[in-house]
Amino acid sequence: MPARVSLKSLKRRGGLFEGIKSNIQALAVGVKYFIDPQRSTLLYPKEYIEHRPGYRGFIVFIKDKCISCAACARICPSAAMKMVRVTEVDPKHPDKPRQKQYPVINYQRCIFCGYCVDICPTEALYHTPFQDVVYESLADMFLTLEAFQLEPGRPSVSEGSPVVYEVDEERGLIKRRR
Amino acid sequence: MVLETILYLIAYPPLWQVLILGFVGALLVAMVAIWFERKAAARVQRRIGPYWASPRLGGFMIIVADMIRYVTQQVIIPTTVDKIAFLLTPVAVLVVTILPLAFIPLSPHELYWPVASMEYSLLIALALTTLPPLLTVVLGWASSNKFSVIGSLRESYVITAYELVAVLAILAPAASTLSFNIVYIVEAQQPVKWLAILNPLAFLAAFLAVLMSTSAFPFEIPESEHEVVAGPYTEYSGILYALNMGGGYIRRFIYAIIIALVFLGGWAPYTPGLDPFTGFIIPSLIVLVKASIVVLVMSFLRAVYGRYRLDQALDAAWRLALPLALLGLGWSIILAYMNLI
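Presented here is an overview of the structure given in this document. (Residues numbered from 1 in each chain as written. Chains lettered and ligands numbered in written order. Predicted model: local features only at pLDDT ≥ 70, side-chain atom pairs only at ≥ 80, totals over all residues.)

**Things to note about the overall build of chain B**
Looking only at helices and strands, chain B features 13 helices and 0 strands. Reading the secondary structure of chain B in the N-to-C direction produces α-α-α-α-α-α-α-α-α-α-α-α-α. With the C-alpha coordinates of chain B rotated into their principal frame, the extents come out at 55 × 55 × 45 Å. For chain B, with 341 residues in total, the buried portion stands at 49%. Intrachain contacts of chain B at a sequence separation of at least 6 include 80% that bridge at least 24 residues. (Helix = DSSP H or I, 4+ residues; strand = E, 2+ residues; numbered from the N terminus. Buried ≥ 20, exposed ≤ 12 C-beta atoms within 10 Å, placed from the backbone. Contact = placed C-beta atoms within 7 Å.)

See the structure below:
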């Protein structure tokens with residue numbers, strides 16, 4: 001047996017005059033924005049956002065300060081940070097190689113929450129004030145231990161101009177050139 | 001001498017009007033309309049729209065790239081379709097869509113008409129513009145897919161409602177000038193007694209009906225992407241889909257030419273001369289520009305209006321647009337009675 005369909009009809013609001021008025025208002029708003037567009041799109045490689053100093057961007061690792069406590073890997077809410085085991089020369093016993101764990105990061109998973117930086121007891125991790133997650137392949141987003149220790153490049157800075165986003169009282173979120 | 005001969009060759013009506021203006025012009029206008037639609041909607045919605053394909057042209061090349069993609073895509077023919085109807089109908093739609101142009105005069109001189117007599121040109125052109133939707137129903141049925149059938153059903157609902165309004169509203173000028181001859185209607189509007197100004201009700205009704213019946217963007221009820229995948233065109237891919245999609249724009253353009261002739265005065269402020277350049281090419285280009293403006297205004301509405309459901313659209317047709325068209329018709333009879341035109 002087919003389902004019984006009941007149509008719900010709403011009462012019409014306003015009359016003919018109201019309809020004409022609201023249509024004209026809508027068209028006027030459209031024409032106003034068409035003549036004076038208030039765009040806020042970031043044209044990425046040609047423009048970049050200048051963030052404030054405390055911005056949580058890319059994370060850089062300082063190997064010398066690391067005590068291999070793995071607190072960063074454990075706190076990571078999206079499991080982006082993992083510890084890798086490396087064999088290296090022990091400074092105290094140069095003839096005996098030792099095994100140590102260091103963190104590496106996967107930017108496919110990282111949500112830039114900054115918990116790892118906050119929890120690090122020796123401040124071996126720090127934020128850069130930018131976050132251009134633009135890579136040529138997905139494999140590049142897994143940083144090796146060597147790449148994790150370098151500050152990542154920022155291609156948009158060399159090509160583009162800085163912009164800032166501001167909240168305007170009348171126009172809402174607007175983009176302004178520096 | 002040579003130039004004059006070339007001019008006469010170009011101004012041969014079937015060549016200039018049907019091939020150059022019809023196919024090439026309609027294609028160009030459709031491309032510009034698609035680009036303008038995306039760009040205008042982006043401007044109103046605080047975006048940029050197509051940009052990186054060619055920053056200097058405002059991203060116009062993205063349309064060319066899309067066309068190349070459609071042309072080189074694989075055409076998939078499902079095993080369940082009715083093959084002959086499935087393959088032939090898109091082509092037939094395009095041909096039938098261009099056909100009204102053969103019965104539309106773009107010049108006051110008999111020498112530059114594609115057919116010998118223009119006595120009933122408005123009736124014939126209007127009758128021919130109502131043909132393509134029937135073929136859309138055919139191709140939806142030939143696809144044998146539930147979305148296609150639902151889309152065809154919607155198309156048939158929409159065209160029954162809005163073709164009636166369109167035909168009634170576009171015939172209103174005939175009532176006020178007492179002639180079905182488009183040339184006579186245009187000459188009656190010289191120089192600025194345009195029927196869009198004298199009879200705005202019929203013009204508005206015709207505009208609305210064309211917008212709805214050719215399924216312009218916010219009102220694409222038959223092929224609405226959110227409800228039925230692509231409506232009648234669900235099973236189509238590659239160039240056949242491009243033909244279907246372009247067909248709607250070209251149909252809107254043909255309607256816009258008729259509207260430009262009967263409501264916006266055709267070549268009205270300009271009085272054509274006798275030789276092919278001033279007598280045929282300039283008037284036809286004036287009509288083309290007016291028609292393009294109508295098409296672009298229709299495209300702009302995408303940025304302003306929201307989508308209509310099928311029942312809302314039909315409700316608006318029978319309760320709003322049809323009385324509007326009848327009022328326009330009555331108004332044009334009053335115009336004729338009072339000898340205002």
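We are not done yet, so read on.
**Some thoughts on the overall build of chain A**
Counting its regular elements, chain A contains 5 helices and 7 strands. In chain A, the succession of helices and strands from N to C terminus is α-β-β-α-β-β-α-β-α-α-β-β. The globule rule puts the C-alpha radius of gyration for 178 residues at 16 Å, and the 27 Å found for chain A is more than 25% above it. Across its three principal directions, the C-alpha atoms of chain A cover 95 × 60 × 30 Å. Sorting the 178 residues of chain A into buried and exposed places 11% on the buried side. (Rg over C-alpha atoms; globule rule 2.2 N^0.38 Å.)

**Re the pairing of strand β6 (residues 161–168) of chain A**
Residue and element names in this part refer to chain A. Judged by how many residues are buried, β6 sits mostly at the surface: 0 of 8 residues are covered. Looking at chain direction, strand β1 (residues 47–49) and β6 are connected through 3 bridges and run parallel. Paired with Glu47 across the two strands is Ser161, which belongs to β6. Taking the residues that link successive antiparallel strands as the turn, the β6-strand β7 (residues 172–177) hairpin has 3 residues. (Pairing = 2+ DSSP bridges.)

**Details of helix α6 (residues 132–143) of chain B**
Residues and elements named next belong to chain B. Relative to the 16 Å expected for 12 residues at 1.5 Å per residue, α6 spans 17 Å between its end C-alpha atoms, a close match to the ideal helical length. The element α6 is largely enclosed, with a buried count of 9 among its 12 residues. Those residues of α6 that sit buried are Pro132, Pro133, Leu135, Thr136, Val137, Leu139, Gly140, Ala142 and Ser143. Its buried side turned inward, α6 meets α4 (83–98), α7 (146–177) and α11 (238–262). Positive phi appears at Ser144, one or two residues downstream of α6, with a value of about 50°. (Expected span 1.5 Å × (residues − 1).)

**Re the nonpolar core**
In this structure, Ala169, Ala206, Ala209, Phe253 and Ile259 of chain B are the most contacted members of the largest nonpolar core, which totals 101 residues. Here this core takes 14 residues from α11 of chain B, the largest share from any one element. In terms of nonpolar packing, the next biggest core, distinct from the first, is built from 15 residues, Cys72, Ala80, Met81 and Cys120 of chain A among them. (Core = buried A, V, L, I, M, F, W, Y, C linked by C-beta atoms within 7 Å.)

**Digging into the interface of chain B and chain A**
On the chain A side, the residues contacting the 8 residues of chain B number 10 residues. Partitioning the side of chain B that touches chain A into residue classes produces 5 nonpolar, no polar and 3 charged. (Nonpolar A, V, L, I, M, F, W, Y, C, P; charged D, E, K, R; others polar.)

**What about the environment of Asn339 of chain B?**
Residues and elements named next belong to chain B. Positionally, Asn339 belongs in the segment after α13 (310–337). Taking the number of C-beta atoms within 10 Å as the measure of exposure, Asn339 has 6 and is therefore exposed. The spatial distance from the C-alpha of Asn339 to the C-alpha of Leu171 is 18 Å, given a sequence separation of 168 residues.

**Some thoughts on the packing of α7 of chain B against α13 of chain B**
All names here are of chain B. For the pair α7 and α13, interaxial distance at closest approach is 8 Å and the crossing angle is 10°. As summarised for this structure, α7 and α13 are arranged roughly parallel, according to the angle between their axes. Each residue belonging to the contact of α7 with α13 can be placed in one class, and the counts come to 24 nonpolar, 3 polar and 1 charged. (Axes fitted to C-alpha atoms, helices over the stretch in contact; angles between N-to-C directions. Parallel < 35°, antiparallel > 145°, perpendicular 65-115°, else oblique.)

**Re the pairing of β7 of chain A**
All names here are of chain A. The buried count for β7 comes to 0 of 6 residues, which makes it a mostly uncovered element. In this structure, β6 lies alongside β7, joined through 6 bridges in antiparallel fashion. In the sheet register, Asp168 faces β7, and the bridge partner there is Gly172.

**Topic: helix α2 (residues 13–44) of chain B**
Residues spaced three or four apart along an α-helix point in a common direction, a consequence of the helix completing one turn every 3.6 residues. Residues and elements named next belong to chain B. Compared with an ideal rise of 1.5 Å per residue, which puts 32 residues at 46 Å, α2 spans 41 Å between its outermost C-alpha atoms and falls more than 12% short. A maximum bend of about 35° is found in α2 at Leu21. Arg46, located one to two residues past α2, shows a positive phi value of around 60°. (Bend = angle between axes of the 7 residues up to and from the residue.)

**Thoughts on the sheet that holds β7 of chain A**
All names here are of chain A. Within the open sheet, the 3 strands sit side by side as β1-β6-β7. Their pairing is mixed. The two strands at the open ends of the sheet, each matched to only one other strand, are β1 and β7. Averaged over all adjacent pairs, the angle separating strand axes in this sheet is 40°, with direction ignored.

**Examining the packing of α2 of chain B against α11 of chain B**
All names here are of chain B. In the contact formed by α2 and α11, the axes pass within 9 Å of each other and the chain directions differ by 105°. The angle between α2 and α11 places the two elements in the roughly perpendicular class. Where α2 approaches α11, its residues Ala26, Val29, Ala30, Ala33 and Ile34 are matched on the opposing element by Gly246, Tyr249, Ile250 and Phe253. Taken together, the residues of the contact of α2 with α11 sort by class into 8 nonpolar, 1 polar and no charged.

**Brief notes about the environment of Asp275 of chain B**
By secondary structure assignment, the location of Asp275 of chain B is in the loop between α11 and α12 (276–300). Residue class for Asp275 of chain B comes out partly exposed when judged on the 14 C-beta atoms lying within 10 Å of it.

**Comments concerning unusual backbone geometry**
Residues and elements named next belong to chain B. Of note in the backbone geometry, Arg46 takes a positive phi value of approximately 60° without being a glycine. Note on placement: Arg46 falls in the loop between α2 and α3 (61–72). Classification of Arg46 by C-beta neighbours within 10 Å gives partly exposed; the count is 17. Look at Leu178: it is not a glycine, yet its phi comes out positive at around 60°. Position of Leu178 relative to the elements: it lies in the loop between α7 and α8 (182–188). With 12 C-beta atoms counted inside 10 Å, the residue Leu178 sits in the exposed group.

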